[in-house]
Each structure stands twice: as structure tokens, then as C-alpha cells.
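# Tertiary structure, described
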Amino acid sequence: GYYTQDDIREIVAYAEDRFITVVPEIEMPGHSQAALASYPELSCTGGPFKVSTEWGIREDIYCAGKEETFRFLESVLDEVVELFPSPYIHLGADEAPKDRWEKCPDCQRRIKEEGLADERELQTWFINRIGAYLATKGRRIICWDEIFEGGLPGDITVQVWRDDVEHNAVAHVAEAAKGGFDVISSPTSHCYFNEGVERISLAQVYTFDPVPPELTADQASHVLGGECNMWTEYAPQEAVDGQMFPRMLAFTEAMWSPTAGRDWQDFHGRLESHYKRLDAMGVTYGEKGEFIQATE
């Protein structure tokens, strides 16, 4: 149920040998139920809490008004920085309900002391404080796009994921890039590989372009690229390959090819040679028929 430090060093070294940088994501202030189960005093209510065993958004998050919260997180991040040489540390900052903060005297005192308008600005203040601490370690932070809800944050890289009726991922990427923020684009419309092919087909992935067409060359330089996501709450390890492949192949070509130069039919024809490679590597990719049917 956990990784030892030696496990992490092994993973980092394995990735480094293949020119891959492992970026750890240490979630805050939300998605922190496991930590609060062990340290309930870092919450607004004091608990008790149980470790979550399934996905969900929980009302109980780290208390932003207590100094103990920041001492704890700085201690955790000291260990993370030692284990991961990545120049980036992802802080999450997504899906953090403010219900507890609204009723917490410590958080309300913090809002008043720091001259903040509301709980959303309190979250940005929270992340900026942690970001400033990590900057002393020579690290930069990444946060999901919710961080903009509390006003412009400090020196961060924004990762855009929301793409629905209320949120347009392309607009969010453009807004961040125009504001001078580096951006990673990973919208749910193209990049969430935990979703089935009936929702995100191989052809849909192949059309992905992380750079909004309206950006100037200078603004576009802030778009670092894209990321495909494989959230595994409901995917046991043996199911991961089938969700990732062959969609990962379409994503890779989309990232490394100019949009104007892509040819779906040509790519689709070349898949047969890739299937042979995957077979040789023991990758249990999704059923060919399933993916072909979903894309034609």
C-alpha cells in the first residue's frame, strides 16, 4: 500500500535511463483524506477521518489557518525534493471544496490577516506560500487550472484539464498562455485514457492539438505540450495497458507532428506494424476491432 524510498529511487532511475522525468504530485489543499486520517489536527474540524478507498471529492481538506499545516507540508516536501530530482513539483490544487474553510475560525482569521477577499483567494495564497517555499529549493510548481479561480497565482505552470459545459479547455489554455504562464494541456475531451473508447476514440485522440490557433508565436511558446492521463481508481493494473494502447500511439504522433501534416488514414495503416511491436513487448493493448469500430 505504499512506496518505500528505495522503491521511488528505483522508479526514478528506471525512468531517467529512458530520458523520462518523474514529476511527483503531492495534492493540496484537497484530495488529502489519507493524510488527515493520520493527522486529523491538520483539518478544520479535527476529524476523525478514514482513508478513502474509492475516488471522490471530500469536504475535509487541509486547514489554511493553522501554521502546523505548513510545517507538516514543508516536511513532506523536503522528503519529496530529496527523492525526486524533477525541476517541477505538482501540487494539485484541484477539487478542493471550501465548505470547511467558510466555517473555520482559523481560516477566516487568515483571510482577514492577509487581506483576502474570500476562500478562493485563500487557496491561491496557500499555494503561493508553498510555491515560495519550493522556490528556495530550486523547484517550480504545477497546479491544475482551478488555481485561477482565486486570482492570478505566482510563478506556476498551469495544467488545464476541465473541458465541459462550464469550462472550455482551449479557452483556459489560451488565457494562461496570454497571461505569460507556462501551460500543459490535458483536457478530458481528448486525454483522459481512463475513459472508454466509446467516449474518447483513437481518432479523437489523433485530432488533439494542445496549442490554441489564436495564439501568437510568443504566446504559443508558453504551451509546453500535452499530457494523457490514466487515473487508476477503477482500473486494476492488468487493465491499464488496454486503456493506454493504442491510444498512446495516436497521442504521441499528435504531440510530435504538425497538425497540418497529419494523415489519419496513413496513421491507421501504420498501426499494424506497431501492433507487432506491442506484441513483442508483451503489451496487452485494447482489442483491434473495438478501437477500429470506435473510429470509423
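The structure reproduced in this document is the subject of the present report. (Residues numbered from 1 in each chain as written. Predicted model: local features only at pLDDT ≥ 70, side-chain atom pairs only at ≥ 80, totals over all residues. Heavy atoms only, no water.)

## Considerations on the overall build of the protein
Applied cut-off: A run of H or I in DSSP counts as a helix once it spans at least four residues, and a run of E counts as a strand once it spans at least two, with each numbered from the N terminus. For the radius of gyration, the atom set is restricted to C-alpha positions; the globular benchmark scales as 2.2 Å times the number of residues to the power 0.38. Accessibility here uses a 1.4 Å probe with only protein chains present; expressed as a share of the type maximum, an area under 20% marks a residue as buried, one over 50% as exposed, and anything in between as partly exposed. Note on definitions: a residue-residue contact is assigned when non-hydrogen atoms from the two residues lie within 4.5 Å. Calculation of accessible area relied on Shrake-Rupley with a 1.4 Å probe; when residues are assessed, cover is drawn exclusively from the protein chains displayed. When charges are counted, Lys and Arg are positive and Asp and Glu negative, with His and the chain ends excluded. The location of each charge is read from NZ of Lys, CZ of Arg, CG of Asp or CD of Glu.
Across its full length, the protein holds 13 helices and six strands. Relative to the globule expectation of 19 Å for 296 residues, the C-alpha radius of gyration of the protein, 21 Å, shows essentially globular dimensions. Principal-axis analysis of the C-alpha atoms places the extent of the protein at approximately 60 × 45 × 35 Å. Of all 296 residues assigned to the protein, the portion counted as buried reaches 47%. In the protein, of all internal contacts separated by at least 6 residues, the share reaching a separation of at least 24 is 70%. With the model as given, the accessible surface of the protein reaches about 15,600 Å², and the carbon-plus-sulfur share is 51%. Considering the protein, the positive charge centre built from 26 side chains and the negative charge centre built from 53 side chains are found 3 Å apart.

## Focus: the packing of helix 1 (residues 5-17) against helix 3 (residues 67-83)
Where we set the bar: In this analysis an axis means a line fitted to C-alpha atoms, helices contributing only their contacting stretch, and an angle means the value between N-to-C directions, from 0 to 180 degrees. Oblique is the label for any angle not covered by the other classes, which are roughly parallel (under 35 degrees), roughly antiparallel (over 145) and roughly perpendicular (65 to 115). Residue polarity follows a fixed list, in which Ala, Val, Leu, Ile, Met, Phe, Trp, Tyr, Cys and Pro are nonpolar, Asp, Glu, Lys and Arg are charged, and the others, Gly among them, are polar.
With their axes 10 Å apart at the nearest point, helix 1 and helix 3 run at an angle of 40 degrees to one another. On the basis of their axis angle, the class for helix 1 and helix 3 is oblique. Residues Gln5, Ile8, Arg9 and Val12 of helix 1 form the contact with helix 3, whose own contacting residues are Glu79, Glu82 and Leu83. When the residues that make up the contact of helix 1 with helix 3 are grouped by side-chain class, the tally is three nonpolar, one polar and three charged.

## Digging into the sheet that holds strand 2 (residues 88-92)
In plain terms, the rule: One bridge is not enough; two strands pair if DSSP finds at least two bridges between them.
The strand order across the open sheet built from six strands is 1-2-3-4-5-6, with neighbouring strands paired in parallel fashion. Across the chains shown, the open sheet's two edge strands, defined by having one partner strand only, are strand 1 (25-28) and strand 6 (223-226). Ignoring which end each strand starts from, the neighbouring axes of this sheet average 25 degrees apart. Sheet analysis places strand 2 next to strand 3 (residues 140-144), joined by four bridges and oriented parallel. Of the residues in strand 3, the one forming a bridge with histidine 90 is isoleucine 142.

## Considerations on the pattern of salt bridges
Put simply, the test is: Salt bridge, as applied in this entry: a Lys or Arg side-chain nitrogen positioned within 4 Å of an Asp or Glu carboxyl oxygen.
Evaluation of the coordinates by the stated rule reveals 16 salt bridges. The residue lysine 137 makes a salt bridge to aspartate 78 at a minimum N-O spacing of 3.4 Å. Taken together, the residues span a long stretch of sequence, with lysine 137 in the loop between helix 6 (119-135) and strand 3 and aspartate 78 in helix 3 at a distance of 59 residues. Judged by its relative accessible area of 37%, lysine 137 is partly exposed. Exposure remark for aspartate 78: the relative accessible area of 32% places this residue in the partly exposed category. A salt bridge links glutamate 113 to arginine 109, with the shortest nitrogen-to-oxygen separation between them at 3.8 Å. Of this pair, glutamate 113 and arginine 109 both sit in helix 5 (residues 105-113), four residues apart, which is roughly one turn of the helix. The structure contains a network of salt bridges with shared partners spanning Glu59, Asp60 and Arg100.

## Describing the packing of aromatic side chains
Stated formally: Under the pairing criterion, centres of Phe, Tyr and Trp rings, with the six-membered ring standing for Trp, must be within 6.5 Å; the plane angle then separates stacked pairs below 30 degrees from edge-to-face pairs above 60, leaving the rest tilted. Whether a charge sits over a ring comes down to the Lys NZ or Arg CZ being within 6 Å of the ring centre and within 35 degrees of the ring normal.
Throughout the structure, instances matching the rule amount to 15 aromatic pairs. When the centroid spacing of 6.3 Å and the interplanar angle of 90 degrees are considered together, the rings of phenylalanine 193 and phenylalanine 251 count as edge-to-face. Taken together, the residues span a long stretch of sequence, with phenylalanine 193 in the loop between strand 5 (182-185) and helix 8 (202-206) and phenylalanine 251 in helix 11 (residues 247-256) at a distance of 58 residues. Looking at phenylalanine 193, the relative accessible area reads 0%, which means it is buried. Judged by relative accessible area, which is 6%, phenylalanine 251 ranks as buried. A network of ring pairs unites the aromatic residues Phe70, Trp101, Trp125 and Phe126 as a single cluster. Arginine 18 extends its terminal NZ or CZ atom over the ring of tyrosine 14, reaching a point 3.6 Å from the ring centre.

By themselves, these are just geometric observations and shouldn't be taken as functional.
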